[in-house]
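In case you want the letters, here they are:
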Amino acid sequence: MRAAALLPLALVLAGCGAAQGLEPAPGKTLPVAPRGAVAVPTATQLLTPTPQQRPERSDDLLTNSDERRTDTFDLPPQR
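The present account deals with the structure reproduced in this document. (Residues numbered from 1 in each chain as written. Predicted model: local features only at pLDDT ≥ 70, side-chain atom pairs only at ≥ 80, totals over all residues. Heavy atoms only, no water.)

## So, the overall build of the protein chain
Selection criterion: Strands are runs of DSSP state E lasting at least 2 residues, helices are runs of H or I lasting at least 4, and numbering of each runs from the N terminus. Exposure categories follow from relative accessible area, calculated using a 1.4 Å probe and restricted to protein chains: below 20% of the type maximum is buried, above 50% is exposed, and the middle band is partly exposed. Methods summary: accessible areas were calculated by the Shrake-Rupley approach with a probe of 1.4 Å, and residue burial reflects only the protein chains presented.
Counting its secondary structure elements, the protein chain contains two helices and zero strands. The buried share among the 79 residues of the protein chain stands at 1%. A total of about 8,800 Å² of accessible surface is found on the protein chain, and carbon and sulfur atoms cover 57% of it.

## Some words on the environment of Thr42
Mapped onto the elements of the fold, Thr42 is located in the loop between α1 (2-15) and α2 (43-47). Of the residues examined, Thr42 reaches a relative accessible area of 39% and is grouped as partly exposed.

## Digging into a nonpolar patch on the surface
Threshold: Candidate patch residues must exceed 30% relative accessible area and have no salt bridge, after which like charges are joined if within 9 Å and Val, Leu, Ile, Met, Phe, Trp or Tyr side chains if within 5 Å. Definition used for salt bridges: Asp or Glu carboxyl oxygen within 4 Å of a side-chain nitrogen of Lys or Arg.
On the surface, Leu6, Leu9 and Leu13 cluster together into a nonpolar patch covering about 300 Å² of accessible area. Within the fold, Leu6 resides in helix α1. For Leu6, a relative accessible area of 46% corresponds to the partly exposed category.

Structure (structure tokens):
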């Protein structure tokens, strides 16, 4: 019974952390600009994954299929 009462409270508390934008802690700064960058990236830019980190799904259809050649080493186990 007690766990059932704590579950809604835990869900409310878990959701309140994402209500505001992220900013560096007081007295701290964002990391320095990467080599070759013109400006220091913002917190939002640093948290946005690049296509290499999160690639898009590839829905390429199979256009032709080839029959596999027989495998001469695919033998049954010896008794």
